[in-house]
Amino acid sequence: MTVRADEVAHHHRTPWFVKGKSGVVRRVHGAFPNPESRAHGGSGMPKRRLCQVEFRQSDIWGPKYRGRADDVLLADIFEQWLEPVPRG
């Protein structure tokens, strides 16, 4: 999956450093009220799935990353921020 790279002015819980990056969904935690709606007085409905996505550190930070090649970062991302990776 790829994290949408949208810049938004409202509250959201998607870390800036994974926007536009691709990773692998490792786990679906379940469905929870949407925090983007709740932050602005909404009900948070419909509930959204919260996914644990694994990213390679080198894919996030590029050539300046000096850690091991197999280092990963796990981030919880709500489904509305995830898009399928284009094939090809």
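Residues numbered from 1 in each chain as written. Predicted model: local features only at pLDDT ≥ 70, side-chain atom pairs only at ≥ 80, totals over all residues. Heavy atoms only, no water.

## Things to note about the packing of aromatic side chains
Okay, step 1: For the coordinates displayed, the defined rule picks out three aromatic pairs.
Okay, step 2: Following the ring pairs from residue to residue traces out a cluster consisting of W16, F17 and W61.
Okay, step 3: Lying over the aromatic face of W81, R4 brings its terminal NZ or CZ to 4.4 Å of the ring centre. (Phe/Tyr/Trp six-rings, centres within 6.5 Å; stacked < 30°, edge-to-face > 60°. Lys NZ or Arg CZ within 6 Å of the ring centre and 35° of its normal.)

## Brief notes about the side chain of T14
Okay, step 1: Along the chain, the position of T14 falls in the loop between β1 (2-3) and β2 (24-32).
Okay, step 2: Judged by relative accessible area, T14 falls into the buried class, the value being 7%.
Okay, step 3: For T14, the side chain forms a polar contact with the side chain of W81, separated by 3.4 Å.
Okay, step 4: Those residues in contact with T14 that sit more than four places away from it in its chain are V3, K19, I77 and W81. (Helix = DSSP H or I, 4+ residues; strand = E, 2+ residues; numbered from the N terminus. Buried < 20%, exposed > 50% of the residue type's maximum accessible area, 1.4 Å probe, protein only. Polar contact = N/O pair within 3.5 Å; in protein donor to acceptor, adjacent residues only side chain to side chain. Contact = heavy atoms within 4.5 Å.)

## Quick notes on the pattern of salt bridges
Okay, step 1: For the structure shown, the criterion picks out six salt bridges.
Okay, step 2: With a shortest N-O distance of 2.9 Å, D59 and R56 are connected by a salt bridge.
Okay, step 3: For D59, a relative accessible area of 35% puts it in the partly exposed group.
Okay, step 4: It is possible to trace a salt-bridge network through shared partners that takes in R68, D70 and D71. (Salt bridge = Lys/Arg side-chain N within 4 Å of Asp/Glu carboxyl O.)

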